[in-house]
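Architecture at a glance
Below, each chain spelled out in residue letters.
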Amino acid sequence: METLKWQSFKEQLQANPTLDLQFQYAENAWVEASYHITEIKQAPITSVDCGGVMNAWTEVIVQLWVPEEEQQLRSMKVRKALSIVDLVEKALPLNPNAIVKIEFGNALFDTRQMLPKELRIDGENLIVDLRPDAVQCKAITRGGSCGTNEKGEECCTPAVEVKPKIQLKNLVAEAPSCAPGSGCC
């Protein structure tokens, strides 16, 4: 799944200010309409993968919170979400190339960060369809390997079947033979 960048996410919001902003976090499962955007976080990440390569990227995480008691029947308008974005960006300039994640959880769904799979318009709603992020091995996706273990074996390359070595025997040399000049005849 291709990741959505902050600039593109924000542009899609700006293009639809009058719509209701709704989040779908699983098939037929929606964030309750009374949600709040409680904070927007920017997380610069630096890592070293299992192949020893340094990686760096930035994530913008929009955190949703649902109060215990439902406060409203309609989701917030996109323009309200944009006013929160504007407030955040006055204090914290957000990286336009950052990967967007939405953080959400409730009593039935453990809190986690999810990726917007798509934004689509359905009637008066702008729906952000969320899907779980996936773990990946960056070394494998680069076509490389991730280094070696204590036996010198590469840890993330596909397993290759090792065929047993066959020792060939010279059956002619071990059996008595009669060759010219050998004195056997």
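The numbers attached to residues start from 1 for each chain and follow its sequence in the written order. Only residues with pLDDT of at least 70 get local features here, since the model is predicted, and only at 80 or more are side-chain atom pairs given and counted; chain-wide, interface and lining totals rely on the full set of residues. With hydrogens and water set aside, each side-chain value is computed from the structure's full complement of heavy atoms.

**Concerning the overall build of the protein chain**
When you go through the protein chain residue by residue, the secondary structure sums to four helices and seven strands. For the exposure calls, accessible area comes from a 1.4 Å probe over protein chains only, and a residue counts as buried if that area is under 20% of its type's maximum, exposed if over 50%, partly exposed in between. A buried classification covers 32% of the 185 residues belonging to the protein chain. When checking whether two residues touch, look at their non-hydrogen atoms; a contact exists if any pair is within 4.5 Å. When contacts within the protein chain are restricted to residue pairs at least 6 apart in sequence, long-range pairs at least 24 apart make up 65% of them. Only the protein chains shown count as cover for residues, with accessible areas throughout obtained via the Shrake-Rupley method and a probe of 1.4 Å. Of the accessible surface of the protein chain, which amounts to about 12,400 Å², a share of 53% is contributed by carbon and sulfur atoms. Put simply, DSSP H or I for four residues or longer makes a helix, DSSP E for two residues or longer makes a strand, and each gets a number counted from the N terminus.

**Side note on the packing of helix α1 (residues 6-14) against helix α2 (residues 78-91)**
Where α1 contacts α2, the two axes come as close as 9 Å, and the packing angle between them is 135°. Overall, the two elements α1 and α2 adopt an arrangement that is oblique. Considering the relative orientation of α1 and α2, their crossing is left-handed. Contacts between α1 and α2 involve W6, K10, L13 and Q14 from the first element and V78, L82, V85 and E89 from the second. Think of each axis as a best-fit line through the C-alpha atoms, taken over the contacting stretch in the case of a helix, with angles from 0 to 180 degrees between the N-to-C directions. Orientation categories follow fixed angle ranges, with anything under 35 degrees roughly parallel, anything over 145 roughly antiparallel, 65 to 115 roughly perpendicular, and all other angles oblique. Each crossing gets its handedness from the near helix: less than a right angle anticlockwise from the far helix is left-handed, clockwise is right-handed.

**With respect to empty space enclosed by the protein**
Regions of empty space are outlined by a rolling probe, equal in size to a water molecule, passed over the atoms. Here the term cavity refers to a set of points on a 1 Å grid, laid over the protein atoms alone, in which a 1.4 Å probe fits but cannot get out; the term pocket refers to an open set having protein on both sides within 12 Å along at least five of seven lines, with lining residues being those that place an atom within 4 Å of a point. Grid points are joined across faces, edges and corners, and a volume is the space filled by probe spheres set on the points. Taken as a whole and assessed by the stated rule, the structure comprises one cavity of 30 Å³ or more. In this structure, the largest cavity encloses a volume near 40 Å³. Elements with a contribution of two residues or more to the lining of the largest cavity: α1, β1 (20-26), β3 (36-48) and α2. The residue classification treats Ala, Val, Leu, Ile, Met, Phe, Trp, Tyr, Cys and Pro as nonpolar and Asp, Glu, Lys and Arg as charged. All others, Gly included, are polar. Its residues assigned to classes, the lining of the largest cavity comprises nine nonpolar, no polar and no charged.

**Examining the sheet that holds β3**
The mixed open sheet is built from seven strands, whose spatial order is β2-β1-β7-β6-β5-β4-β3. Each edge of the open sheet carries a strand with a single partner, namely β2 (29-30) and β3. Sheet analysis places β1 next to β2, joined by two bridges and oriented antiparallel. Note that in β2 the partner of Q24 across the bridge is W30. The sheet contacts of α2 involve β1, β3 and β7 (125-132), and relative to β3 the element is tilted by about 55°. Any two strands between which DSSP finds at least two bridges are classified as paired.

**Quick notes on unusual backbone geometry**
Backbone phi values are negative for most residues with the exception of glycine, while trans is the configuration of most peptide bonds. The residue N28 is not glycine, and still its phi comes out positive at about 60°. For N28, the location among the structural elements is in the loop between β1 and β2.

**Topic: the environment of L73**
Of note, L73 is situated in the loop between β4 (54-65) and α2. Placed 39 residues apart in sequence, L73 and S34 show a C-alpha to C-alpha distance of 6.7 Å.

**Describing the packing of aromatic side chains**
One pair of aromatic rings is described through two measures. These are the centre distance and the angle between the planes. By convention, a stacked pair of Phe, Tyr or Trp rings (six-membered ring in the case of Trp) has centres within 6.5 Å and planes under 30 degrees apart, an edge-to-face pair has planes over 60 apart, and any other such pair is tilted. Under the counting rule described, the total for this entry stands at five aromatic pairs. Here Y25 and F104 contribute two aromatic rings whose centre-to-centre distance is 5.0 Å and whose plane-to-plane angle is 45°, an arrangement assigned as tilted. With Y25 in strand β1 and F104 in strand β5 (residues 99-106), this residue pair connects regions lying 79 residues apart in the sequence. Of the two residues examined, Y25 and F104, each falls in the buried class. Joined through ring pairs, the aromatic side chains of Y25, F104 and F109 make up one cluster.

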